[in-house]
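Here is how the chains run, residue by residue.
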Amino acid sequence: MSNSTRVDQTPISPNGEVELELREWLDSLDYVLANRSPDQVRELLYQLHSRAEAAGVSLPITAKTPYINTIPRSQQPPYPGSREVERRIKSLIRWNAMAMVVRANSDPASPGGHISTFASSATLYEVGLNHFFRAPNGDSSGDLVFIQGHAAPGMYARAFLEGRLTERHLDNYRRETREGGGLSSYPHPWLMPDFWQFPTVSMGLGPIISIYQARFNRYLQDRGLRPADDAKVWGFFGDGEMDEPESLGALTLASREQLDNLIWVVNCNLQRLDGPVRGNSKIIQELEGAFRGAGWNVIKVIWGDDWDSLLESDDEGLLARRMGEVVDGEMQKFSVSDGAHIREQFFGKDPRLLKMVEHLTDEQLAKMRRGGHDPDKVHAAYAAAVKHEGTPTVILAHTIKGYGLGEAGEGMNVSHQQKKLNEDELREFRTRFGIPIDDDDVARAPFYKPADDSEEIRYLKERRAALGGSLPQRSVRARPLPMPSEELFTEFRDGTGNRDMATTMAFARVLTKLMRDKDIGALIVPIIPDEARTFGLDALFRPFGIYAHAGQKYEPVDRSTLSYYNESIDGQILEEGINEAGAMSSFISAGTAYASHGVNTIPFFVYYSMFGLQRIGDLIWLAGDIRCKGFLVGGTAGRTTLAGEGLQHNDGNSHLLAYPVPNLVAYDPAFAYEIEIIIRDGIRRMYVEQEDVFYYLTVENDSYPMPAMPESATEEGILKGMYPFRPAHRSRKLKAQLFGSGAIMNMALEAQVLLEEKYSVAADVWSITSFKELHNDGLAADRWNRLHPGQPRRSPWVTECVGDAKGVFVIASDYVKALPESIARWFPRMPVSLGTDGFGRSEGREALRDHFEVDARWIAIATLSALADDGQIGHEAVAEAIGELGIDPKKTNPLTA
Ligand SMILES: Cc1ncc(C[n+]2csc(CCOP(=O)(O)OP(=O)(O)O)c2C)c(N)n1
Ligand SMILES: [Mg+2]
């Protein structure tokens, strides 16, 4: 090895004198280690450290410990099971997992798959599944286990041995549409709702949601919604995955909240997809520093038992130092090198190290395992983690990517993409893991399952039975809710008279009533990332409390005010701070409690609408996959309705971004009664009918008198996305249909008056509550018609509503024009779309609506222009109106402004 790769070149003993002193100090330490308790030794070291600091000798601040196992052999508990039978089971699982991927790749469709992740983590899972992870059983929710997405083949292979999956399932891995059902590439509850609990394959999301899941489990207990238990959340993640900001972003929350119900296992195979995670340094050490610094209990599992005696005889710490100085890029090389190379390059650094291993053959040296492949070491770490109190634990387990694949990819940079094994490689794998498959057969990579009464299968089943059942496993444990009282949703049917009210206030009112309801109240989980005061939800602080496991250890400065910051252990509100990703993670935990805990909690996550679908869109996608329920509420919505805040805050995008999430039902309501009806129907669909959908609702801070629900309106229309709100006051020759959405509805109503009074156009006004619902409905009708030729046509709801409507059509919303465009083809003639494409501005509402061309005047001009195009009026009339209404035709296009 070249000198340049050494991390620390300070010699341990520059001269004999210092060496002697060191010896004496170490002897003293050995003495107290042998005769005092660990606490006493700790105190002694602390005093020494303080004395040195006081004398001006500061030690570098480091949260890192030497590059050796945290748990020495002397503290390892005995292994509770049969290592031999478990090894055989694990080999069978390894084989079948590998065979699945290899066979999938001989399929002409070549659907791919990954071998190397599970190959590196098989021991980590098997020790857990044989001895630790408890399945939901009876009243107990069991442990919640997040499985690394790319390790999915290992879980399928195990379920195959258990008899939960058939050979056909395995053959249909990544061929999900095949007859008999297939297996999804990765953990997706949407695709395999009885099997997978947590989607984990978008890296970084599993880590953050697991933290909030552990916290939510506490919340349920602290609020008396679940009995207290010792269940754990286990999170298995990749070392490369730790680079995602979401992975490490919430570590301090976990320690602050003392989540000792949370255990992470980071599979440190030192590799990601393209190459080493940290070629030039050490990922395990870096992570140890980050986790310890964040207050976690860190257990390093680096070396297997064949290193124990070497480390025990390493009196001078030479070996530990050598282990600590080898960078990961080189460590990866050692994992694939022969013994002679390891002897020369690793131990050859110091003659004393060479001497340590002179009794070992090259073959023995090459076989010395990493800790993550040693069940004893892994078991010791898990046993310590489940016992640990007061903080979360992370286990940093050193493994080798592609372990067992031999030449085919073990420890190689290409390992992650390795999907094929040639015949020799298959034979070698088979022999190494002792799978009873003949030479003639091995090339087919057949699946192998021993008889049901074989020792392996019996053992595997017995272990799972003792732990409550199979894992992974998902089931809906909650019973449907009864429909909440109708009174909760009728306050605004008659409007607010002359009293101004914003839709945000109307929403806050509905939420408060729900929370006060004796039946459903306790199930409501309001989640707010530091914007409660913005949305007027601070009034909830005092009566309902902000959840804090520690209670409130201080008197809040605003104690004397009505909406003081009231933290309490059974507080109902989750106030997440400036942290939309964390708040969304809480939403997901609360919105899936119907499955994971059998509790129908109903989350309402209220946030600045621009920081939702845009900022944390991938978490919202995950919420769809995991069949999350609840209401996302985008406050201060609408590009022109939120005044002053400007480009980064003015949301005209989110409703378009809601389109691709298939089970997200999105509404942009204008009036209070619409909100009541939408929320009531949401609760009915999600919690009474148990549909796997969730809701997105935008609310705004523009205040105006909330009208009574007009006679023309129907609940069906409100929920389907469109209904007639106000017909023209009188009949005219010129006719128009105006459509408004959200706060822009008021602009359409103003335009109605303007058109009638100034331009003799009779306009009917419609409220559009959901472009997305109208779009989906139209697509479904089109599809049905296409597939049922000759049968009576189905009409989209849009056509149903406006098929016979007269005149020209103009649609205006506070969102991008793609929304009205998406429903345009179901109108009897092409409508004009007005919307807010372009970057926002800090301005007042009126100026913004002029800038984006969505105010009453612009709606009127669009109407007149359409009438002129239709030959009903002259173009000069439009030109005149443009002048009259003070519209500047030379104004720049807001799209590019
Ligand atoms: C957000 C995201 N980006 C990229 C990927 C593609 N990807 C899948 S696995 C992988 C490498 C994973 O490395 P690591 O976390 O170390 O896991 P290992 O397989 O080594 O255990 C990448 C980049 C992804 N799944 N998600
Ligand atoms: Mg890795």
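Reading the values: the criteria
- Residues numbered from 1 in each chain as written.
- Chains lettered and ligands numbered in written order.
- Predicted model: local features only at pLDDT ≥ 70, side-chain atom pairs only at ≥ 80, totals over all residues.
- Heavy atoms only, no water.
- Buried < 20%, exposed > 50% of the residue type's maximum accessible area, 1.4 Å probe, protein only.
- Helix = DSSP H or I, 4+ residues; strand = E, 2+ residues; numbered from the N terminus.
- Contact = heavy atoms within 4.5 Å.
- Axes fitted to C-alpha atoms, helices over the stretch in contact; angles between N-to-C directions.
- Parallel < 35°, antiparallel > 145°, perpendicular 65-115°, else oblique.
- Left-handed = near helix turned anticlockwise from the far one by under 90°.
- Nonpolar A, V, L, I, M, F, W, Y, C, P; charged D, E, K, R; others polar.
- 1 Å grid on protein atoms, 1.4 Å probe; cavity = no way out; pocket = protein on both sides within 12 Å on 5 of 7 lines; lining within 4 Å.
- Points joined across faces, edges and corners; volume = space filled by probe spheres on them.
- Salt bridge = Lys/Arg side-chain N within 4 Å of Asp/Glu carboxyl O.
- Near = heavy atom within 4 Å.
- Polar contact = N/O pair within 3.5 Å; in protein donor to acceptor, adjacent residues only side chain to side chain.
- Areas by Shrake-Rupley, 256 points an atom, 1.4 Å probe, with all protein chains shown as cover.
- Pairing = 2+ DSSP bridges.
- Right-handed = clockwise from strand over helix to strand, strands pointing away.

**Student:** I'd like a rundown of the pairing of strand S3 (residues 262-268), residues and numbers included.
**Tutor:** With respect to burial, S3 is a largely interior element, 7 of its 7 residues being buried. Residues Leu-262, Trp-264, Val-266 and Cys-268 of S3 are buried on one face, and the alternating residues Ile-263, Val-265 and Asn-267, pointing to the opposite face, are buried as well.

**Student:** So what's going on with helix H13 (residues 328-336)? Which residues, and what values?
**Tutor:** Inspection of H13 places Asp-328, Glu-330, Met-331, Gln-332, Phe-334 and Ser-335 among the buried residues, and these make up the whole buried set. Along its buried surface, H13 packs onto helix H10 (283-293), helix H12 (318-325), helix H14 (339-345) and strand S5 (393-398).

**Student:** How would you sum up the packing of helix H4 (residues 116-131) against helix H5 (residues 152-162)? Please name residues and give values.
**Tutor:** One way to put it is that H4 packs onto H5 with a least axis distance of 9 Å and a crossing angle of 50°. Of the possible angle classes, the one that applies to H4 and H5 is oblique. Note on packing geometry: the crossing formed by H4 with H5 is right-handed. Taking contact as the criterion, the partners of Phe-118, Tyr-125, Glu-126, Leu-129 and Asn-130 in H4 are, on H5, Gly-154, Met-155 and Arg-158. Of the residues assigned to the contact of H4 with H5, the class counts are 4 nonpolar, 2 polar and 2 charged.

**Student:** Give me the layout of surface pockets: which residues, what numbers.
**Tutor:** Considering only enclosed or pocket space, the second largest pocket measures out at about 1100 Å³ in volume. Lining the second largest pocket are 41 residues, and of these Lys-367, Arg-369, Tyr-403, Glu-410 and Arg-432 sit closest to its centre. Broken down by secondary-structure element, the contributors of at least two residues to the lining of the second largest pocket are helix H3 (83-106), H4, H13, helix H16 (362-367) and helix H18 (423-432). Top contributing element to the lining of the second largest pocket by residue count: H3, with 7 residues.

**Student:** How would you summarise the pattern of salt bridges if you had to cite specific residues and measurements?
**Tutor:** Following the criterion strictly, the structure yields 60 salt bridges and no others. For Glu-257, the salt bridge identified is with Arg-215, shortest N-O distance 4.0 Å. Here Arg-215 lies in helix H7 (residues 205-222) and Glu-257 lies in the loop between helix H9 (251-256) and S3, a separation of 42 residues in the sequence. Residue classification places Glu-257 among the buried residues on the basis of a relative accessible area of 15%. The class of Arg-215 is buried, set by a relative accessible area of 4%. In this structure, the salt-bridge partner of Glu-286 is Arg-278, at a minimum N-O distance of 2.7 Å. Through salt bridges with shared partners, a single ionic network connects Glu-84, Arg-87, Arg-88, Glu-455 and Glu-456.

**Student:** Could you give me a rundown of the site of ligand 1, with the residues and numbers involved?
**Tutor:** Within the structure, ligand 1 sits among 18 residues, and Thr-117, Gln-148, Asp-239, Gly-240 and Lys-401 are positioned closest to it. Asn-267 is positioned such that a nitrogen or oxygen atom in its side chain is 3.4 Å from an oxygen atom of ligand 1. Burial of ligand 1 by the surrounding chains reaches 76%, relative to a free accessible area of 590 Å². Across the shell around ligand 1, the residue classes tally to 3 nonpolar, 10 polar and 5 charged.

**Student:** Just give me the short version of the pairing of strand S11 (residues 602-608), but keep the residues and values in it.
**Tutor:** Across the 7 residues that make up S11, a large majority, 7, are buried. Strand direction decides the pairing type here: strand S7 (residues 524-528) and S11, joined by 4 bridges, are parallel. What sits directly across from Val-525, in S11, is Pro-603. Across 5 bridges, the pairing between S11 and strand S12 (residues 631-635) is parallel. When the bridges of S12 are listed, Phe-604 appears paired with Phe-631. As for the winding sense of the linkage, the β-α-β connection from S11 through helix H25 (residues 617-625) to S12 is right-handed.

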